[in-house]
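Structural overview
For reference, the chains in residue letters:
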Amino acid sequence: MGETIFAEMSALAVRTGSVNLGQGFPDTDGPPALLDAASAALHGGANQYAPGIGVPVLRQAIARHQHRNYGIELDPDRQVVVTTGCTEAIAGALLGLVDPGDEVVVLEPYYDSYTAMIDFAGGVRRPVTLRAPDFRLDPAELEAAVGPRTKLILLNTPHNPTGRVLDADELAAVARVAQQHDVLVVTDEVYEHLTFDDHRHVPISTLPGMAERTLTLSSAGKSFSVTGWKVGWATGPAELVGAVTAAKQWLTFTSGAPLQPAVAAALDEQHEFPVRLAADLRDRRDQLVGGLREAGLTSYTPEGTYFATTDVSALGWRSGGDFCRALPERAGVVAIPSEVFYDDPDGPGAGRHLVRWAFCKRPEVIDEAVRRLAAADLTA
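Please read all numbers here as calculations on a predicted model, not as lab measurements. (Residues numbered from 1 in each chain as written. Predicted model: local features only at pLDDT ≥ 70, side-chain atom pairs only at ≥ 80, totals over all residues. Heavy atoms only, no water.)

1. Description of the packing of aromatic side chains
As a reminder, the rule being used: By convention, a stacked pair of Phe, Tyr or Trp rings (six-membered ring in the case of Trp) has centres within 6.5 Å and planes under 30 degrees apart, an edge-to-face pair has planes over 60 apart, and any other such pair is tilted. With a 1.4 Å probe rolled over the protein chains alone, any residue whose accessible area is under 20% of its type maximum counts as buried; one over 50% counts as exposed, and the rest are partly exposed. Secondary structure elements follow DSSP: runs of H or I no shorter than four residues count as helices, runs of E no shorter than two count as strands, and numbering proceeds from the N terminus. Note on criteria: charge over ring means Lys NZ or Arg CZ within 6 Å of the ring centre, with the direction from the centre no more than 35 degrees off the ring normal.
Within the structure shown, the criterion is met by 10 aromatic pairs. Where Tyr-111 meets Tyr-114, the ring centres are 5.8 Å apart and the plane angle is 80 degrees; that geometry is what we call edge-to-face. The exposure class assigned to Tyr-114 is buried, which follows from its relative accessible area of 1%. Between Phe-224 and Phe-273 the ring centres are 6.2 Å apart and the planes differ by 15 degrees, which places this aromatic pair in the stacked class. Remark: Phe-273 occurs in helix H10 (residues 272-294) and Phe-224 occurs in the loop between strand E7 (214-219) and strand E8 (231-235); sequence separation between them is 49 residues. Here Phe-224 falls in the buried class, since its relative accessible area comes to 5%. Among the aromatic residues, those joined into a ring-pair cluster are Tyr-191, Tyr-306 and Phe-307. Positioned above the aromatic ring of Phe-25, the side-chain terminus of Lys-361 is 3.9 Å from the ring centre.

2. Some details on unusual backbone geometry
With an omega dihedral of 10 degrees, the bond running from Ala-132 to Pro-133 counts as a cis peptide bond. Note on placement: Pro-133 falls in the loop between strand E4 (124-129) and helix H6 (139-145). The omega angle of the peptide bond from Thr-157 to Pro-158 is -10 degrees, so this bond is cis rather than trans. Within the secondary structure, Pro-158 is located in the loop between strand E5 (150-156) and helix H7 (168-181).

So far we have only geometry, and geometry alone does not tell us how the molecule works.
Rendered as structure tokens:
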């Protein structure tokens, strides 16, 4: 396994003193009450191994969160497992559910850990491409990707890196295909609360016939601006959660003992923080997308997440990778080439010339990045 693009570009940002709009993490902390709760847990003795499935207070809070927001009923002792971030939930799901030779349908561009863990599990990746400018899911292409060896559809909505929030028609298409072919759905919903304008996230498990075949993954990191805490979870049918737990015991087994009760308190008591965060991110999205367009970049407006996408082909670049590797020296800004998130970036409507930018930064940081881009020659 090679170095991730995030490690490469973050190191380039440090070496060149660039504004880093590459890796998706905020540069401000979450709510003070959340931080205080973690401190209290640290000083209150919650410093030894937590149960492998997570501390009861957090599992119960996750179950309440799913019921309060989506009407989903869960048994916190059988249908919830706490993981080391959603990344471990993804790993546990794929290692626990996919056998060698099983096919996994995945939306591309995709988060890079998906492909790594499909490979580790011995699975075969079947990508379905979301194409610019609207990045919609084509039901016919989804249907064509599913075959007799398909084990599961790996869904991500709100979608990283495109910022799409799958709508009712797209979710219904996924549900129809999953039920007709009797396949599972694993859905990564870490940006569930970070949607903009009139777009709203709907968990696919709430659709008729989907609760019994859907494993839902999420985390506290994005919703509460504590990405470094790495507290995530998987919820759904007991047998699917059990598969994640069986794999997880050989990964971290457990983690974050004093952070788990703090996240529980946030889920129960800090309902308004993600709402305010989403409104703030919407403003920063508009700030960045407007600045990118003024700098001459073709930009697409995301419906959710931390990220905006641009197309650099009109500037004459051979690829987004070439553009991003030249950008720190040209403009003192770092972004991520989307081509690494595709099986075939040169396929029809794929992402050879697409670039991902993170707007989960302070307004003054975005201002500085936009100022640098406007002053630079961005042509090849």
